[in-house]
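Residues per chain, in single letters:
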Amino acid sequence: MSSEFNELLPVSDERAQLWIIGTRDQVIHLMNELYVRKVATDRIQFTPIIPAPFTAGKYMTVLVR
């Protein structure tokens, strides 16, 4: 990954991260599932959904814990 992409992600290296990559519907479904199962206590813990820069047609979000 390029350093330019890393600068766009508002995440800290000090905390664990869970990356979700897939179609937009898959990403939203997994975000909702992680919230319902209380892996994420609030949806604000996810970064905004963005197009995955390394795979065409895929989207991604990051859960920072």
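Computed from a prediction, not measured in an experiment: that's the story for all the values here.

Participant: Is there a simple way to explain helix α2 (residues 24-36) in this structure?
Facilitator: Think of an α-helix as 3.6 residues a turn; residues three or four steps apart then line up on the same face. With 13 residues, α2 extends 18 Å from end C-alpha to end C-alpha; this agrees with the ideal 18 Å at 1.5 Å per step. Considered for burial, the residues of α2 that qualify are Val27, Met31 and Leu34. All buried residues of α2 fall inside an arc of 70° around its axis, so they share one side. In α2, the exposed residues that point more than 90 degrees away from the buried face are Asp25, His29 and Val36. Looking at the buried side of α2, the elements it contacts are β1 (17-22) and β3 (59-64). Lys38 sits one or two residues past α2 and shows a positive phi near 65°.

Participant: What am I meant to see in the packing of aromatic side chains here?
Facilitator: Aromatic ring pairs are described here by two measures, namely the spacing of the ring centres and the angle between the planes. Evaluated as defined, the whole model comprises zero aromatic pairs. Above the face of the Tyr59 ring, Arg24 is positioned so that its terminal group lies 5.7 Å from the ring centre. It is Arg43 that lies over the ring of Tyr35; its NZ or CZ is 4.1 Å from the centre.

Participant: What am I meant to see in the pairing of β3 here?
Facilitator: The side chains of a regular strand alternate, first on one face of the sheet and then on the other. Burial analysis of β3 places five of its six residues in the buried class, the great majority of the element. Sheet analysis places β1 next to β3, joined by six bridges and oriented antiparallel. Across the sheet, Gly22 pairs through a bridge with Tyr59, a residue of β3. Taken together, the two bridges between strand β2 (residues 50-51) and β3 define a ladder with antiparallel strand orientation. Bridged to Ile50 within β3 is Met60.

Thresholds, definitions, all that
- Residues numbered from 1 in each chain as written.
- Predicted model: local features only at pLDDT ≥ 70, side-chain atom pairs only at ≥ 80, totals over all residues.
- Heavy atoms only, no water.
- Helix = DSSP H or I, 4+ residues; strand = E, 2+ residues; numbered from the N terminus.
- Expected span 1.5 Å × (residues − 1).
- Buried < 20%, exposed > 50% of the residue type's maximum accessible area, 1.4 Å probe, protein only.
- Arc of directions from axis to C-beta.
- Contact = heavy atoms within 4.5 Å.
- Phe/Tyr/Trp six-rings, centres within 6.5 Å; stacked < 30°, edge-to-face > 60°.
- Lys NZ or Arg CZ within 6 Å of the ring centre and 35° of its normal.
- Pairing = 2+ DSSP bridges.

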